[in-house]
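# Fold and geometry: a report
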Amino acid sequence: MNSTGLQAGVRAPAAVRRSLRFSSRSSLRTTAPTILQKSTSASVASRERRHGPIVKAVAGTPLGSPFVNATGNGAGAKVMVIGGDGYCGWATALHLSNQGYHVCILDNLCRRVFDLELGLDTLTPIASIQDRIKKWGEVSAKQVDLEVGDICDWNFFSEAFEKFMPDAVVHFGEQRSAPYSMIDRSRAVYTQHNNVIGTINVLFAIKEFKPDCHLVKLGTMGEYGTPNIDIEEGYITITHNGRTDTLPYPKQGGSFYHLSKVHDSHNIFFAAKAWNIAATDLNQGVVYGVRTEETMADPMLINRYDYDGIFGTALNRFVVQAAVGAPLTVYGKGGQTRGFLDIRDTVRCIQIAIENPAPKGEMRVFNQFTEQFSVNDLASLVSKLGANVGLDVEIASIPNPRVEKEEHYYNAKNTGLKELGLEPHLLGDSMLDSLLSFAIEYKDRVRKELIKPAVDWRKTSVGSATTKAAVAK
């Protein structure tokens, strides 16, 4: 095991290796958090038998700060947000801090390094993680701790974990792009090693130092693939040759990234049983949006917005393309259907999972999305919105760089989080208008050549493909 937590013969991409050399243990504290009031939910005995005690977050009276709200279990509880400098992690860390949790962000900052390595950039300019946390302390009077280092480095991570001793760990700290994992062999290996070994280290830390810590792990709906049957929430009851059992739902990951998430789920399922750990696996759909109450509190708190062909999602790409007058590029036939959710719902789902922990010894699974759309649906919605504001928006079909079904059945269940109190923000004209406004505001930062996909699933190379990964020929 070397200083970056990689085994001999397993190497991160060069720029990532360089970034991890500093792997320093830093802690940034602002002022102490305000102690917040607790509230209890109404009696819902049937759901409590299924999910455990239920506590919902409710808005309260501000206590000296415009961002202080009364919460359920927030006051005094410690939450470590691994990957808290990323898109979902940053929004979640601020939301939980706002709700009264004592938050520690742990991140190796590799997402920023990927941009430098591949020549990419977020549409919205973001400050350093240190400046972000300092600004959050100024506008909220909240404390957020920071640990900079790699969870694959056991020496670093075990020390950081034992020092903070979290009541819950929210684990976003993984390489999260399917195209990135398909660039070349080294990035496929890096993705699998980083994601799988990092999660195993988290499991061992909980077992060794804080057995009552609740793991909230971000999975992906992509683990399921696109089966020709309904997708259940994590488990399916099967009768075969006269015998019946409830088993983990079959997984069909569509990239080395998705397969790393599948391996994570299997490892968590095993560790929960073997070590009596409480774990919640959130199979998240595609997230959109930039605005949360906290990230819009100051320009230095703004979240990232990825629109490129490696880290950008279909909706983000389409909105940016509409803003700059480029055709909306639909991959193949455009019938690919997935679950989607607003970033505001992501942060609420995390809070709900924390405040309603899984039983010990169980890996509970929720499908974390609110609506289903096909790629064609999204293109049509953006095209219509563009026309309404005077933009001439074209839709163009291009060859699909991925190996996937382009027309298929898709019906995924997503009742668990709603039963625990999630009230979804649905994708409508107002949300799309907000996204388009962001894209228009920052359109001078758009590099059109980064939008078209340059990574082809069928041509993943053995040698390095850094120079051709971001810009298509």
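Rules used in this analysis
In this numbering scheme, every chain counts its residues from 1 along its sequence in written order. Reporting in this predicted model follows two pLDDT cut-offs: at least 70 for local features of residues, and 80 or more for side-chain atom pairs to be given and counted; totals over whole chains, interfaces and linings ignore these cut-offs and use all residues. Side-chain numbers come from the whole structure's heavy atoms, not from hydrogens or water. Under the scheme applied here, a residue whose accessible area is under 20% of the maximum for its type counts as buried, over 50% as exposed, and between as partly exposed, the area being computed with a 1.4 Å probe on protein chains only. Working definition: helices are DSSP H or I runs of at least four residues, strands are E runs of at least two. Numbering for both runs from the N terminus. When checking whether two residues touch, look at their non-hydrogen atoms; a contact exists if any pair is within 4.5 Å. Here, nonpolar core means buried Ala, Val, Leu, Ile, Met, Phe, Trp, Tyr and Cys residues that are tied together by side-chain atoms lying within 4.5 Å of each other. A pair of strands counts as paired when DSSP detects no fewer than two bridges linking them. Axis geometry follows a simple rule: fit a line to the C-alpha atoms, using only the stretch in contact for helices, then measure angles between N-to-C directions, giving values from 0 to 180 degrees. Stacked, tilted and edge-to-face are the three classes applied to pairs of Phe, Tyr and Trp rings, where Trp contributes its six-membered ring and a pair requires centres within 6.5 Å; stacked means planes under 30 degrees apart, edge-to-face means over 60, and tilted covers the rest.

Before going further, it helps to examine helix H10 (residues 314-324). Counting buried residues in H10 gives 11 out of 11 residues, a clear majority hidden from the surface. Residues of H10 that are buried: Ala314, Leu315, Asn316, Arg317, Phe318, Val319, Val320, Gln321, Ala322, Ala323 and Val324. Against the buried residues of H10 lie strand S9 (286-288), strand S10 (328-331), helix H12 (375-388) and helix H14 (429-441). Of the residues one or two after H10, Gly325 is the one with positive phi, at around 80 degrees.

Once that is clear, we can look at the nonpolar core. In terms of nonpolar packing, the biggest core is built from 53 residues, with Ile310, Leu315 and Phe318 touching the most fellow members. Counting residues per element, the ones that place at least two in this core are helix H4 (110-118), helix H7 (178-181), H10, S10, H12 and H14. Per element, the largest residue contribution to this core is 8 residues, and it comes from H10. Beyond its immediate sequence surroundings of up to four residues, Ile310 is in contact with Leu118, Leu120, Ser177, Pro179, Tyr180, Ile183, Val455, Ala469 and Ala470. Grouped together as the second largest cluster of nonpolar side chains are 40 residues, Val144, Leu146, Val148 and Ile352 included.

If you walk across this open sheet you meet the 7 strands as S3-S2-S1-S4-S5-S8-S12, and the pairing is parallel. Edge positions in the sheet fall to strand S3 (144-148) and strand S12 (363-368), since each of these pairs with one other strand and no more. Across this sheet, the average inter-strand angle for adjacent strands is 20 degrees, counted without regard to direction. Bridge count for strand S8 (residues 278-284) against S12 is 6 bridges, and the pairing is parallel. The residue of S12 that forms the bridge with Asn283 is Asn367. Helix-sheet contacts for helix H3 (residues 87-98) involve strand S1 (78-82), strand S2 (102-107), S3, strand S4 (168-171) and S8, and the interaxial angle to S2 is about 165 degrees. Lying on the sheet, helix H9 (residues 256-275) is in contact with strand S5 (214-220), S8 and S12; it crosses S5 at an angle near 150 degrees.

According to the stated counting rule, one finds 12 aromatic pairs in the structure shown. With 6.1 Å between their ring centres and 85 degrees between their planes, Phe114 and Tyr190 make a pair best called edge-to-face. In this pair, Phe114 sits in helix H4 while Tyr190 sits in helix H8 (residues 185-209), placing the two residues 76 residues apart along the sequence. When sorted by exposure, Phe114 lands in the same class as Tyr190, which is buried. Ring plane angle 45 degrees and centroid distance 6.3 Å describe the contact between Tyr235 and Phe269, whose orientation is recorded as tilted. Taken as a pair, Tyr235 in strand S6 (residues 235-240) and Phe269 in helix H9 lie far apart in primary sequence, 34 residues in all. Here the aromatic residues Phe114, Tyr180, Tyr190 and Phe311 are joined through ring pairs into a cluster of three or more.

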